[in-house]
Amino acid sequence: DAGVTQSPTHLIKTRGQQVTLRCSPISGHKSVSWYQQVLGQGPQFIFQYYEKEERGRGNFPDRFSARQFPNYSSELNVNALLLGDSALYLCASRRTGTDVGYTFGSGTRLTVV
Amino acid sequence: QQQVKQSPQSLIVQKGGIPIINCAYENTAFDYFPWYQQFPGKGPALLIAIRPDVSEKKEGRFTISFNKSAKQFSLHIMDSQPGDSATYFCAAEIQGAQKLVFGQGTRLTINP
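Residues numbered from 1 in each chain as written. Chains lettered and ligands numbered in written order. Predicted model: local features only at pLDDT ≥ 70, side-chain atom pairs only at ≥ 80, totals over all residues. Heavy atoms only, no water.

**A short note on the overall build of chain B**
On a plain count of helices and strands, chain B comes out with zero helices and eleven strands. Along chain B, from the amino end to the carboxyl end, the secondary structure elements read β-β-β-β-β-β-β-β-β-β-β. Its C-alpha atoms give chain B a radius of gyration of 13 Å, within 12% of the compact-globule value 13 Å for 112 residues. Once the C-alpha set of chain B is aligned to its principal axes, its extents read approximately 40 × 30 × 20 Å. Across the 112 residues that make up chain B, the buried fraction comes to 46%. Of the contacts made within chain B by residues no fewer than 6 positions apart, 54% connect residues no fewer than 24 positions apart. (Helix = DSSP H or I, 4+ residues; strand = E, 2+ residues; numbered from the N terminus. Rg over C-alpha atoms; globule rule 2.2 N^0.38 Å. Buried < 20%, exposed > 50% of the residue type's maximum accessible area, 1.4 Å probe, protein only. Contact = heavy atoms within 4.5 Å.)

The structure is reproduced here in structure tokens:
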């Protein structure tokens, strides 16, 4: 069974540009969450989606947006990139209605220059 | 308060020793407390988790101790091995919130 897959693995963007990150959850997992992990810190919650609807949003500016598709995959978009957006962006999926924890992907390393 | 405070920031232990990592929280609505292990270049991987209705849980060499009255929980790694060298994160979640709040992480080094 494939785990949570994220693409691309690495990305370099210039300040002011826009970026789209992609995530495919584990088969059967309908809940997808996004986290930002700045170097040396714990992951910070950005969004949670379930059944294509946003169910939770963390303390991030409106430059961050996301969506979930009918096949439960998800995209995270960040507009008007700032140097401070440089981080590892993690996607996690979970089978809802169970006590099983989140499974994280390996992340997308975004560098803004 | 949505914070989870983790200590120590870094820890060095000899092989076979028992590293202990501690976490504290304020929000009594938290009801799920997982620990994650992260290797460089990888995402966090779930190690073990506990709910507040039990005081201890063991899975293999990993043990969580939970003190509900003190609002603290800790991870113990028995018979530690160099392969356990990684960054460990505690986290907490409010049931139904579908949102993990992570601690700051502990960089653990197990020397041979």
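That shown, we press on.
**Focus: the overall build of chain A**
Each helix and strand in chain A was counted, giving zero helices and eleven strands. What you see for chain A is a C-alpha radius of gyration of 13 Å, in line with the 13 Å of a compact globule of 113 residues. Overall, the C-alpha framework of chain A stretches about 40 × 25 × 25 Å when taken along its three principal axes. In chain A, which comprises 113 residues, the share counted as buried stands at 48%. Contacts in chain A between residues at least 24 apart in sequence constitute 51% of all its contacts with a sequence separation of at least 6. A total of about 5400 Å² of accessible surface is found on chain A, and carbon and sulfur atoms cover 48% of it. Counting 12 positive and 8 negative side-chain charges, chain A places the averaged centre of each group 5 Å from the other. (Areas by Shrake-Rupley, 256 points an atom, 1.4 Å probe, with all protein chains shown as cover. Lys, Arg positive; Asp, Glu negative; His and termini not counted. Charge placed at Lys NZ, Arg CZ, Asp CG, Glu CD.)

**Some details on the interface of chain B and chain A**
How large an interface is tends to be reported as the accessible area lost when its parts come together. Contacts between chain B and chain A engage 17 residues on the former and 20 residues on the latter. Broken down residue by residue, the surface that chain B buries against chain A is led by Pro44, Gln98 and Phe102 of chain B, which jointly contribute 35%. A salt bridge links Arg94 of chain A to Glu93 of chain B, with the shortest nitrogen-to-oxygen separation between them at 3.0 Å. The interface formed by chain B and chain A includes six residue pairs in polar contact (both at pLDDT 80 or more). Going through the elements one at a time, strand S4 (30–38), strand S9 (86–94) and strand S10 (100–102) of chain B are the ones with two or more residues in the side of chain B that touches chain A. Broken down by element, the side of chain B that touches chain A gets its largest block of residues, three residues, from S4 of chain B. Looking at side-chain class alone, the side of chain B that touches chain A contains seven nonpolar, six polar and four charged residues. (Buried area = accessible area lost by both parts, 1.4 Å probe. Salt bridge = Lys/Arg side-chain N within 4 Å of Asp/Glu carboxyl O. Polar contact = N/O pair within 3.5 Å; in protein donor to acceptor, adjacent residues only side chain to side chain. Nonpolar A, V, L, I, M, F, W, Y, C, P; charged D, E, K, R; others polar.)

**A look at the pairing of strand S8 (residues 74–78) of chain A**
All names here are of chain A. Counted residue by residue, S8 has five buried out of five residues, so it is predominantly covered. The alternating pattern of S8 places Ser74, Leu76 and Val78 on one face and Glu75 and Asn77 on the opposite face, and all of these are buried. Looking at chain direction, strand S3 (residues 19–24) and S8 are connected through five bridges and run antiparallel. Looking across to S8, one finds that Val19 is bridged to Val78. Across five bridges, the pairing between strand S7 (residues 64–68) and S8 is antiparallel. Directly across from Arg67, in S8, lies its bridge partner Glu75. Between S7 and S8, which follow one another and run antiparallel, lie five residues, and Tyr72 among them has a positive phi close to 75°. (Pairing = 2+ DSSP bridges.)

**Some details on the side chain of His29 of chain A**
Residues and elements named next belong to chain A. Note that His29 resides in the loop between S3 and strand S4 (31–37). Separated by 2.8 Å, the side chains of His29 and Ser93 make a polar contact. Side-chain polar atoms of His29 contact the backbone nitrogen of Arg94, separated by 3.4 Å. Contact partners of His29, with chain neighbours within four places excluded, come to Tyr72, Ser93, Arg94 and Arg95.

**Describing the nonpolar core**
Residues and elements named next belong to chain B. Of all hydrophobic cores here, the largest spans 25 residues; its most connected members are Val4, Phe33, Trp35, Phe73, Leu75 and Tyr88. Of all the elements in the fold, those that place two or more residues in this core are strand S2 (10–14), strand S3 (20–25), S4, strand S5 (45–50), strand S7 (62–67), strand S8 (72–77), S9 and strand S11 (106–111). With four residues, the single largest contributor to this core is S9. Excluding anything up to four places from it in sequence, Phe73 contacts Val4, Ile21, Asn22, Cys23, Tyr25, Phe33, Trp35, Ser65, Phe66, Cys90 and Ala91. (Core = buried A, V, L, I, M, F, W, Y, C linked by side-chain atoms within 4.5 Å.)

Nothing here speaks to function; it is all geometry.
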